[in-house]
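# Breakdown of the fold
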Amino acid sequence: MTLDELQARAGTEFLFHYTDAVRADAILADRLFVAGPRAAYGFGVYATDIAPVDGETIEDVIVHCFGGDAEAIEVNHAIAVRISAHGRRFAPTADPYQWILPTGKLELVYLEGFYVATLEFDGRSWAIIDTDE
Amino acid sequence: MTKQSSARQKRGRNPIRAARPSAETRARLAQSELLRDPRIRSLWPQLEPSEQETALGPTKAVGHRYPLTTSEVAALTNLSERQVRYWGDNGLIPCWRTGRKRLFEAAGLISAYGLARAKQHELQFYRGLIEEPVDDVATKVGILSSVLASRLEDIEPNEAKTVTASLGALARG
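Residues numbered from 1 in each chain as written. Chains lettered and ligands numbered in written order. Predicted model: local features only at pLDDT ≥ 70, side-chain atom pairs only at ≥ 80, totals over all residues. Heavy atoms only, no water.

## Looking at the interface of chain A and chain B
Where interface size is given, it is often the accessible area lost as the parts come together that is meant. Listed by partner, the interface residues are 41 residues for chain A and 32 residues for chain B. Both sides together, the interface formed by chain A and chain B hides about 3,400 Å², and carbon and sulfur atoms give 54% of it. Sorting the residues of chain A by area buried against chain B places Val22, Ile73 and Tyr110 of chain A first, and these three jointly supply 21% of that buried surface. Inspection of the chain A/chain B interface yields 10 salt bridges. Between Glu74 of chain A and Arg36 of chain B there is a salt bridge, with its nearest N and O atoms 3.9 Å apart. Put simply, the parts of the chain that give the side of chain A that touches chain B at least two residues each are helix H2 (21–30), strand S2 (32–34), strand S8 (99–102), strand S9 (108–111) and strand S10 (115–121) of chain A. (Contact = heavy atoms within 4.5 Å. Buried area = accessible area lost by both parts, 1.4 Å probe. Salt bridge = Lys/Arg side-chain N within 4 Å of Asp/Glu carboxyl O. Helix = DSSP H or I, 4+ residues; strand = E, 2+ residues; numbered from the N terminus.)

This is the structure:
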């Protein structure tokens, strides 16, 4: 199963929430997301339309989504999410690369209906390691 | 239906809900937070490409995702299990515990790689900081501060920022 096949099956574009291994595991197991408290557009779960393609994706994400303030080990998991679910949706921000699903003041949230798949970058390539099936 | 999906279904239709993670998940998330700590970030660029690859995805090396056990960290870094336990118990290799078992996330593995390439006299210095009386530690830190202040006079502001980032993190506690 490839990302393109997942998207074709879902019939919708995905966004990607980049994170580390532990946080990816929390999403995988419980759909538990850590909202971004330090980001410029308020509390919420952040995502981008930068798709995981190759090693350069990591650099792109660090530059465009983290202002250069991250290392590869912090963002080598891409959580594919639907743009909307159950009437709630990720909204674009003033930054063309960043989308946000506002969570109020909640830092740790369960998100239902958004999760599609998890991809891991192992230093060489991206691979899908879990899907919502 | 799995236990997890059943639990998720019981939470209802509200797509965004406050999370109350288990103690294990909280412990792991605390380790995840350490990846943003300047003390860990400063080690990451020093790792060999093969070490970075293993830290990014340990599955190829150990057959599973994080967390790693003491023996796995020892095998990956060429430290002894005793060293991993010692440095883990003294905070130099971050870990969390379930029962008597120490478990290591990426921050722990990165720190272990850093310690594995430290020279014997450096390890001796760190061990002294851990084991010597507080007065002796204060003396060492005083000397270290003086050396650091002198060194900072001669380096670029960006380099100085890198050098002092860990101290800032320490001060913030």
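There is more to say after this.
## Quick look at the pattern of salt bridges
All names here are of chain B. Using the criterion set out here, one finds 20 salt bridges over all chains in the structure. Close ionic contact of Arg28 with Glu105 constitutes a salt bridge, the shortest N to O distance being 2.7 Å. Of the two residues, Arg28 is situated in helix H2 (residues 23–34) and Glu105 in the loop between strand S4 (101–104) and helix H8 (106–116); the sequence distance between them amounts to 77 residues. Arg28 gets classed as buried once you look at its relative accessible area, which sits at 11%. Between Arg85 and Glu81 there is a salt bridge, with the nearest N and O atoms lying 3.8 Å from each other. (Buried < 20%, exposed > 50% of the residue type's maximum accessible area, 1.4 Å probe, protein only.)

## Concerning H2 of chain A
All names here are of chain A. Counting buried positions over the 10 residues of H2 gives eight, a clear majority of the element. Among the residues making up H2, those that are buried are Ala21, Val22, Arg23, Ala24, Asp25, Ala26, Ile27 and Leu28. Measuring from the backbone nitrogen of Val22 back to the side-chain oxygen at the start of H2 gives 2.9 Å, which picks out Asp20 as the cap. (Polar contact = N/O pair within 3.5 Å; in protein donor to acceptor, adjacent residues only side chain to side chain.)

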